[in-house]
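Chains, contacts and geometry: an overview
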Amino acid sequence: MLTHLCCRWDADNCLEYLLKDYFCSNPTNYIDFVNAPTSEGYTCLHLCAMWKAEKCFYVLHHYGGLNFNARDKMMKTPYETAVEYSKTGRMKETLNSYQ
């Protein structure tokens, strides 16, 4: 999905546009949309954690509906992904506050 690519490249303006557009056209399915997994089970939140995409994380957080307990195919939460990919940094600390 385009939202996943936005999170991979920390394209926050593009992500914000996609979230607003989807919500306006289909508000009842927004939560499923924002938490949709890739074939590997990664949600947008997992990708933000993996690639340290802090700007996209804040866009996702602002628009809400995030499942901080979502698990990928390796059974890792976004926080556990952040721990694996980032030994230091704000992303790990921020996600830790939602545990």
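About the cut-offs
Residues numbered from 1 in each chain as written. Predicted model: local features only at pLDDT ≥ 70, side-chain atom pairs only at ≥ 80, totals over all residues. Heavy atoms only, no water. Helix = DSSP H or I, 4+ residues; strand = E, 2+ residues; numbered from the N terminus. Rg over C-alpha atoms; globule rule 2.2 N^0.38 Å. Buried < 20%, exposed > 50% of the residue type's maximum accessible area, 1.4 Å probe, protein only. Lys, Arg positive; Asp, Glu negative; His and termini not counted. Salt bridge = Lys/Arg side-chain N within 4 Å of Asp/Glu carboxyl O. Polar contact = N/O pair within 3.5 Å; in protein donor to acceptor, adjacent residues only side chain to side chain. Contact = heavy atoms within 4.5 Å. Core = buried A, V, L, I, M, F, W, Y, C linked by side-chain atoms within 4.5 Å. Axes fitted to C-alpha atoms, helices over the stretch in contact; angles between N-to-C directions. Parallel < 35°, antiparallel > 145°, perpendicular 65-115°, else oblique. Left-handed = near helix turned anticlockwise from the far one by under 90°. Arc of directions from axis to C-beta.

**A word on the overall build of the chain**
Each helix and strand counted, the chain has seven helices and zero strands in total. Listed N to C, the secondary structure of the chain is α-α-α-α-α-α-α in terms of helices and strands. The C-alpha atoms of the chain give 12 Å as radius of gyration, which agrees with the globular expectation for 99 residues (13 Å, within 12%). With the C-alpha coordinates of the chain rotated into their principal frame, the extents come out at 40 × 25 × 20 Å.

**Some remarks on the side chain of D72**
The topology assignment puts D72 in the loop between α5 (54–63) and α6 (78–85). Buried charge D72 goes without a salt bridge, the closest partner of opposite sign being K76 at 6.2 Å. Within the local environment of D72, its side chain forms a polar contact with the backbone nitrogen of M74, the two atoms lying 2.8 Å apart. Ignoring sequence-local partners within four residues, the contact set of D72 consists of E40, G41, Y42, H46 and T81.

**Observations regarding the nonpolar core**
C7, L15, L19, C48, L60 and L95 are the most contacted members of the largest nonpolar core, which has 25 residues in total. Secondary-structure elements contributing two or more residues to this core are α1 (2–8), α2 (12–25), α3 (30–34), α4 (44–51), α5 and α7 (90–96). Looking at this core element by element, the count peaks at six residues for α4. Those residues within four positions of C48 in sequence are excluded, and the remaining contacts are C7, A53, C56, F57, L60 and M91.

**Here's the deal with the packing of α2 against α5**
Helix-helix packing is characterised by the crossing angle of the two axes and by the distance between the axes. Contact geometry of α2 with α5 gives a least axis separation of 9 Å together with a crossing angle of 20°. Taken together, α2 and α5 sit at an angle that is classed as roughly parallel. α2 and α5 meet at a crossing whose hand is right-handed. Each of D12, L15, E16, L19 and K20 in α2 lies in contact with α5, whose residues at this interface are K55, C56, V59, L60 and Y63.

**Some words on α6**
Think of an α-helix as turning once every 3.6 residues; residues three or four places apart then point the same way. For α6, the complete set of buried residues consists of P78, T81 and A82. Looking down the long axis of α6, one finds its buried residues gathered within 100° of arc, a one-sided arrangement. Turning to α6, the residues buried within the fold contact α4 and α7.

All we've got here are geometric facts, nothing functional implied.
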